[in-house]
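The lines below spell out each chain.
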Amino acid sequence: MTYQEFLEYIYRRHSGNIKLGLERIEAILRELGNPQRRLAGVHIAGSNGKGSVCAMLEALALRCGYSTGFNSSPHLVDYLERFRLCGKNAKYEQIMELYLRHQQIFEQNQASFFETTTALAFELFAQEKINFSIFEVGLGGRLDGTNPFVPDVSVITSISYDHTKSLGDTLEKIAQEKAGIIKNGVPVVVGKMPANALAEIERVAAAKGSTVYRCGSEFSVSNISQDADGTSFDYRFAGGIEGRYTTNLLGKHQAFNAGCALTAFSLFEQKRKKTLDFDSLQKGLGAVNWQGRMQIVSKNPTILLDGAHNEEGVSSLVESLQEIFPKRKKVFVVSILKDKNLEKMYAKIASAAKSIVFCQNSNSRAAGGDLQKEVVAKFTKNYCYETTVPSALKKAKSLCEGDDLIVVCGSLYWVGEVLEFF
């Protein structure tokens, strides 16, 4: 079976089995011998920033001598991105062999695509004897397929309105779902977020006897500066190494993500009574491998990709663009999913855009061209619709003058399609 045949098979066989809940994944893992119980590491949830925190944790752990397994979702270009071993995608032969070995278990339990992928990651990391595992929540937390993992540290990066049909229509409800990853006695690192969402997380943590490490309280991030090369900030945490750090990821929000990653990694090392080293931590943060986040993929004109996929993400993106490229006009190339708040996202994009080129991405949840046109027309007259990645980029380039900047955003799926084109 070729790699492409394998991918087509698992998509066809498992993509229609979506069902929120832990019963199936727990049954599958029992039949696999509960490989997740042989793993140590960090479990990360959040509306925004969780992928960046995962990538930062991977970089920190690798620099400090750990073998790492990083399970992320969604992938941008290649399915194998969901299985990173020591910073590199797993070989497809490894994943295909694991799947074929346990195919009967997946099919008898009617596993979804995400459950299949998550179970394969648990099994792969256990098989490879990984000593620092990183699991990114797919949706919410409480009922997510990654939740059978009992980590050394949990992280909740942020809370904002996202996936409201599945998670609830208030920040408190969304926070409660994401707080579902908190395990009895396991410390939880909490990023910058609204007070009502934080209160809900603190309530869940108290009930489970979990210590909360809050941004702005137990640890802090301040004096943030950024340029086209990265983001610098002062970090303070009594349990870690205080000082001024720089990450190669762009955007002020990445300073807060880095604060979460440094705190979680410090707690992981404390549990093992290991001594932290500033030089190693700084080198780790300076070499984070994470595509599609304020990523420049081309010049003349400059084309920047960012996975901003909800109101909070778009706001952070626009703020960063205005600080890093204050004098450059921006042409946005956008595609958004229909279950997002299109009005608030397009309002923010239009406030910073010279022009907007919008498309419908290939995901089944994509907002159609007519819907996006209806929304974007409320905020600007400078827009147009294109049907493909090449035509969208060609149109955006034709709209550029001088040192104008092209910004691709709206959905991780869309960013993945553009990355694949490049």
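Cut-offs used in this document
Starting afresh in each chain, residues are numbered from 1 along the sequence in its written order. Selection of residues for local features in this predicted model requires a pLDDT of at least 70, selection of side-chain atom pairs for listing and counting requires 80 or more, and totals for whole chains, interfaces and linings are taken over all residues. Side-chain numbers here rest on the full set of heavy atoms in the structure, without hydrogens or water. Each residue is assigned to one of three classes by its accessible area relative to the maximum for its type, calculated with a 1.4 Å probe on protein chains only: buried under 20%, partly exposed between the two thresholds, exposed over 50%. By the criteria applied, helices consist of DSSP H or I runs no shorter than four residues and strands consist of E runs no shorter than two, each listed in order from the N terminus. A strand pair is defined by DSSP finding two or more bridges across the two strands. Note on handedness: a clockwise path from strand one over the helix to strand two, with the strands aimed away from the viewer, defines a right-handed crossover. Between the first and last residue of a helix there are one fewer steps than residues, each counted as 1.5 Å, and that sum is the expected span.

K.L.:
Any chance you could break down the pairing of strand β15 (residues 355-358) for me, citing the residues and the numbers?
P.N.:
Burial along β15 is two-sided: the face carrying Ser355 and Val357 and the face carrying Ile356 and Phe358 are both buried. In the sheet, strand β14 (residues 330-334) pairs with β15 via four bridges, with the strands oriented parallel. Residue pairing for β15: valine 334 is matched across the bridge by phenylalanine 358. Taking the sense of rotation as the criterion, the β-α-β connection linking β14, helix α13 (residues 342-352) and β15 turns out right-handed. Taken together, β15, helix α14 (residues 369-376) and strand β16 (residues 383-385) constitute a β-α-β crossover, and its handedness is right-handed.

K.L.:
Which residues make up helix α3 (residues 50-63), and what values go with them?
P.N.:
Over its 14 residues, α3 runs 20 Å from end to end, which matches the ideal 20 Å to within 8%, given 1.5 Å per residue. Most of α3 is tucked away, with 12 of its 14 residues classed as buried. Buried within α3 we find Lys50, Gly51, Ser52, Val53, Cys54, Ala55, Met56, Leu57, Glu58, Ala59, Leu60 and Ala61. Phi turns positive, to about 95°, at glycine 65, one or two residues after α3.

K.L.:
Give me unusual backbone geometry: which residues, what numbers.
P.N.:
At the junction of serine 73 and proline 74, the peptide bond is cis and its omega measures out at -5° in the coordinates. By the element assignment, proline 74 lies in the loop between β2 (68-71) and β3 (84-85). Look at the link from asparagine 300 to proline 301: it is a cis peptide, with omega at 0°. Here proline 301 lies in the loop between β12 (295-298) and β13 (302-305). At glutamine 110, a position not held by glycine, the phi torsion is positive, near 50°. Position of glutamine 110 relative to the elements: it lies in the loop between α5 (103-108) and α6 (113-127). Of the residues examined, glutamine 110 reaches a relative accessible area of 51% and is grouped as exposed. A positive phi angle, near 55°, is found at lysine 273, a position not held by glycine. Turning to its location among the elements, lysine 273 is positioned in the loop between α10 (252-271) and α11 (278-285). Accessibility expressed as a relative area gives 75% for lysine 273, which makes it exposed.

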